[in-house]
Amino acid sequence: MKFSDIAGHKETIDALRSTVDSGRIPHAILLSGISGIGKFRLARAFAQYVHCRHRHDGDSCGVCPSCLQHQKHNNPDLHFIYPVVKRDGAQVSTDFIDQWKTMLSEWSYMPPEKWNEIIQAGNSQPAIFVNESEDIISRVSLSAYQENYKIFLIWLPEKLRPEAANKLLKVIEEPFEDTLFILVSNDDSRLLPTIFSRTQRFNMRPLADSDISDHLMLNRGIDPAIAEAAARIAEGSMGKAEQLACHPDEIMEFSALFKETMRMAYALKARELRIISESCASMGREKLIRFLSYCSRMIRENFIYNMKMPQISLMTPDEESFSIRFSPFIHEGNVEGLDSEIARASADIERNANAKIVMFDLLLLLSQWVRMPKPATLPL
């Protein structure tokens, strides 16, 4: 991965490049921002630039032995750390190295739900366990094998278990001179504060729609119309755009289910809502969380649609055709309540609550909120 392979983020690239060119590389760097904007791709490009033996024109050469090893994900001085699930004795990153290489090759914008799917996490919550920290500590004490730096690239450090984070604190605070930590976080507010404070932080912004659509067309072979629609909906996340463009069937499924749910909720048909709740529960936790996220987005988009400002609407043509009739039922009197109930249900599902009970309860509550009349406009 080279800097030239990164869409957008020119300011962050320039800042990272200058740390290497000036010889003042921080011992710990934190790249943070929403999921799917290319933080991990940039971390990989930075690591390759640090190790490259023939840098030129502000980028790694791409052809020296170090660069070639980076491209094949087998440089001995680049260590990937990532959340895993405990299964059959497996509990550290290297136990999932084959799946990890698949992730890097096929989903380089790192959507966490795709990683959960690849490792077949099911209802388990991937995490970075204390065994991983012990493994890192043992490797930190060794000299770099062939490069000037040992680099530990930690994806989703917010997934560090408390005991794992505390064990890592000392080596991040007082690292060996030839050791560099790069942390890539989707939610740095969940990091251990003592780790957060010991990093040099780079907050990365969402990508421009043009960067996203160009990537989808050039690198994924997506039709221009679909690429542009995915870019609009993705809210600056390439990872989300890839999911939308490469797996449109799921979005169509969610759209049909959302429409049926809202129709039955408004009609207050309890039997049909129970059937829908059971169908939702059968999706499995991760897919159900994605569906609830979709519902939350559609509630917000329908509220925005009422403002009659199509330029800020982030819906597909199919979604918009439904919203023409549905959006009047989403207003200032119920939008916050609807969104809050969906968020609460999603949090319960994430904590492995009984999905059938949670979803039936949610749908009954949604039927109350969606039937709520619009508040009367007060005279000026």
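Analysis parameters
- Residues numbered from 1 in each chain as written.
- Predicted model: local features only at pLDDT ≥ 70, side-chain atom pairs only at ≥ 80, totals over all residues.
- Heavy atoms only, no water.
- Buried < 20%, exposed > 50% of the residue type's maximum accessible area, 1.4 Å probe, protein only.
- Helix = DSSP H or I, 4+ residues; strand = E, 2+ residues; numbered from the N terminus.
- Pairing = 2+ DSSP bridges.
- Right-handed = clockwise from strand over helix to strand, strands pointing away.
- Contact = heavy atoms within 4.5 Å.
- Phe/Tyr/Trp six-rings, centres within 6.5 Å; stacked < 30°, edge-to-face > 60°.
- Lys NZ or Arg CZ within 6 Å of the ring centre and 35° of its normal.
- Axes fitted to C-alpha atoms, helices over the stretch in contact; angles between N-to-C directions.

**What about the pairing of strand β4 (residues 179-185)?**
With seven of its seven residues buried, β4 lies for the most part within the structure. Neither face of β4 is exposed, since Thr-179, Phe-181, Leu-183 and Ser-185 on one face and Leu-180, Ile-182 and Val-184 on the opposite face are all buried. Here strand β1 (residues 28-32) pairs with β4 via five bridges, running parallel. Residue pairing in the sheet places Leu-30 in a bridge with Leu-183 of β4. In this region the chain leaves strand β3 (residues 150-155), passes through helix α7 (residues 162-173) and returns to the parallel neighbour β4; the handedness of that crossover is right-handed.

**Description of the side chain of Ser-346**
With respect to the secondary-structure elements, Ser-346 resides in helix α16 (residues 335-350). Setting aside residues no more than four positions away along its own chain, Ser-346 makes contact with Ile-289 and Leu-292.

**Re the packing of aromatic side chains**
Applying the stated rule across the entire model yields 17 aromatic pairs. Considering the side-chain rings of Tyr-266 and Phe-329, the 4.9 Å spacing of their centres and the 55° angle between planes classify their relative orientation as tilted. Of this pair, Tyr-266 sits in helix α12 (residues 248-267) while Phe-329 is found in the loop between α15 (317-326) and α16, placing the two residues 63 residues apart along the sequence. Here Tyr-266 falls in the partly exposed class, since its relative accessible area comes to 39%. Members of the aromatic cluster, each reached through a chain of ring pairs, are Phe-40, Phe-80, Tyr-82, Trp-100, Trp-115 and Trp-155. Directly above the aromatic system of Tyr-49 lies the positively charged group of Arg-55, at a separation of 5.2 Å from the ring centroid.

**A few points about the sheet that holds strand β5 (residues 200-203)**
If you walk across this open sheet you meet the five strands as β2-β3-β4-β1-β5, and the pairing is parallel. Each end of this open sheet is capped by a strand with a single partner; those strands are β2 (78-81) and β5. Strand-to-strand, the axes of this sheet are offset by a mean angle of 15°, without reference to chain direction.

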